[in-house]
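# A structural walkthrough
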Amino acid sequence: MVKQVATPPRAAPGDVLVIAGHHVGEAPQLAEILEVIGEPGRGEHFRVRWESGRETTIYPGSDAVVRHAGSAKGEAMITAFVDELSAKHVDYTVVPHPRTETARAEAKAVGVAPHEVAKTVVVVTDDGFIRAVVPASQRLDLHKLRMAVGTVDKPRLATEAELSAAYPGFELGAVPPFGGPSGDRVVVDNRLAWEDEVVLEAGTHSQSIKLHTRDLLELSGADVADISAD
């Protein structure tokens with residue numbers, strides 16, 4: 001089990017400051033930190049360069065998150081993830097593997113069939129984020145998802161900027177079906193629900209979790225529906 005870090009690393013030049021949008025679907029603002037001024041808890045602020053190229057000085061608020069350059073993003077989150085599983089007496093296995101960037105590659109690295117890997121796709125609606133979970137062997141059908149959740153607006157895939165702002169503890173593309181920020185609705189494809197066990201990424205692309213599907217459904221409070229493309 002990964003040891004939890006007591007205090008997060010201090011911001012440094014080269015890190016990225018992510019300021020969340022204040023409305024669902026609103027893209028966050030990103031800025032490269034050029035200089036750290038002051039001490040943490042004592043008026044620490046940054047000189048930054050925005051995506052437009054403009055340089056300013058900013059005192060970050062509660063809506064700001066520092067993404068550390070070169071950090072092992074997701075390490076602390078997987079600690080919290082497995083701690084939650086242990087506290088709830090859930091049987092699970094942590095499976096370290098070479099870094100992967102796709103769910104199919106994860107299946108190959110772990111040594112399971114793609115239909116046994118739970119791929120989480122984050123979708124944006126007017127009502128908030130939905131974590132749609134489908135087998136790695138399938139693609140998400142947004143029309144089916146819309147019908148399953150009963151939204152009147154047309155759902156769309158979350159952008160990388162939105163993912164970074166909404167799930168700062170997870171690596172991009174490694175959002176799990178549960179854990180992290182609360183309030184997301186979760187929908188699991190019925191093909192995946194038939195499996196006895198599934199493998200999923202838990203915030204990092206270099207470690208996976210294997211657990212019983214029934215535990216996945218219970219922990220995430222998921223609805224089960226046909227949401228994979230035919």
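Notes on the structure in this doc start here. (Residues numbered from 1 in each chain as written. Predicted model: local features only at pLDDT ≥ 70, side-chain atom pairs only at ≥ 80, totals over all residues. Heavy atoms only, no water.)

### Let's talk about the side chain of D184
Assignment of secondary structure puts D184 in the loop between helix 4 (160-166) and strand 10 (185-189). A polar side-chain atom of D184 sits 2.9 Å from a polar atom in the side chain of R131. A polar side-chain atom of D184 sits 2.6 Å from a polar atom in the side chain of Y167. Discounting residues that sit within four places of it in the chain, D184 has contacts with F129, R131 and Y167. (Helix = DSSP H or I, 4+ residues; strand = E, 2+ residues; numbered from the N terminus. Polar contact = N/O pair within 3.5 Å; in protein donor to acceptor, adjacent residues only side chain to side chain. Contact = heavy atoms within 4.5 Å.)

### Remarks on the nonpolar core
One finds F81, L85, F178, L200, I209 and L211 to be the most contacted residues of the largest nonpolar core, which totals 19 residues. If you list the elements that add at least two residues to this core, you get helix 1 (75-87), strand 10, strand 11 (197-201), strand 12 (207-212) and helix 6 (213-220). Sorting elements by how many residues they give to this core places helix 1 first, with four residues. Setting aside its immediate chain neighbours within four residues, L85 contacts V90, Y92, F178, I209 and L219. (Core = buried A, V, L, I, M, F, W, Y, C linked by side-chain atoms within 4.5 Å. Buried < 20%, exposed > 50% of the residue type's maximum accessible area, 1.4 Å probe, protein only.)

### Re helix 6
Here helix 6 has its buried residues at T213, D215, L216, L219 and S220. For helix 6, the angular spread of the buried residues around the axis is 160°, confining them to a single face. The exposed residues of helix 6 that point more than 90 degrees off its buried face are R214 and E218. (Arc of directions from axis to C-beta.)

### A few points about the packing of aromatic side chains
For the coordinates displayed, the defined rule picks out three aromatic pairs. Ring centres of Y167 and F170 lie 6.2 Å apart, and the angle between their planes is 35°; on these two criteria the pair is classed as tilted. For the pair shown, Y167 and F170 are each scored as buried. Pairwise contacts between aromatic rings join F129, Y167 and F170 into one cluster. (Phe/Tyr/Trp six-rings, centres within 6.5 Å; stacked < 30°, edge-to-face > 60°.)

### Some remarks on the pairing of strand 11
Summarising burial for strand 11: four of the five residues are buried, a large majority. In the sheet, strand 7 (residues 117-125) pairs with strand 11 via two bridges, with the strands oriented parallel. Looking across to strand 11, one finds that V117 is bridged to V199. Alignment of strand 11 against strand 12, held across five bridges, turns out to be antiparallel. Its bridge partner lying in strand 12, E201 is registered against S208. Following strand 11, the chain reverses through five residues before pairing antiparallel with strand 12; G203 in that reversal takes a positive phi of roughly 105°. (Pairing = 2+ DSSP bridges.)

### Regarding the pattern of salt bridges
Enumeration according to the criterion identifies 13 salt bridges in this entry. Residue E32 is joined to R49 by a salt bridge in which the shortest nitrogen-to-oxygen separation is 3.2 Å. In this pair, E32 is assigned in strand 2 (residues 29-39) and R49 in strand 3 (residues 42-50), connecting sequence segments 17 residues apart. Looking at E32, the relative accessible area reads 34%, which means it is partly exposed. R185 is the partner of D223 in a salt bridge, and the nearest nitrogen-oxygen pair spans 3.1 Å. Of the two residues, D223 sits in strand 13 (residues 223-225) while R185 sits in strand 10, which places them 38 residues apart along the sequence. What makes D223 partly exposed here is its relative accessible area of 35%. Through salt bridges with shared partners, one network takes in E32, E35, R47, R49 and E55. (Salt bridge = Lys/Arg side-chain N within 4 Å of Asp/Glu carboxyl O.)

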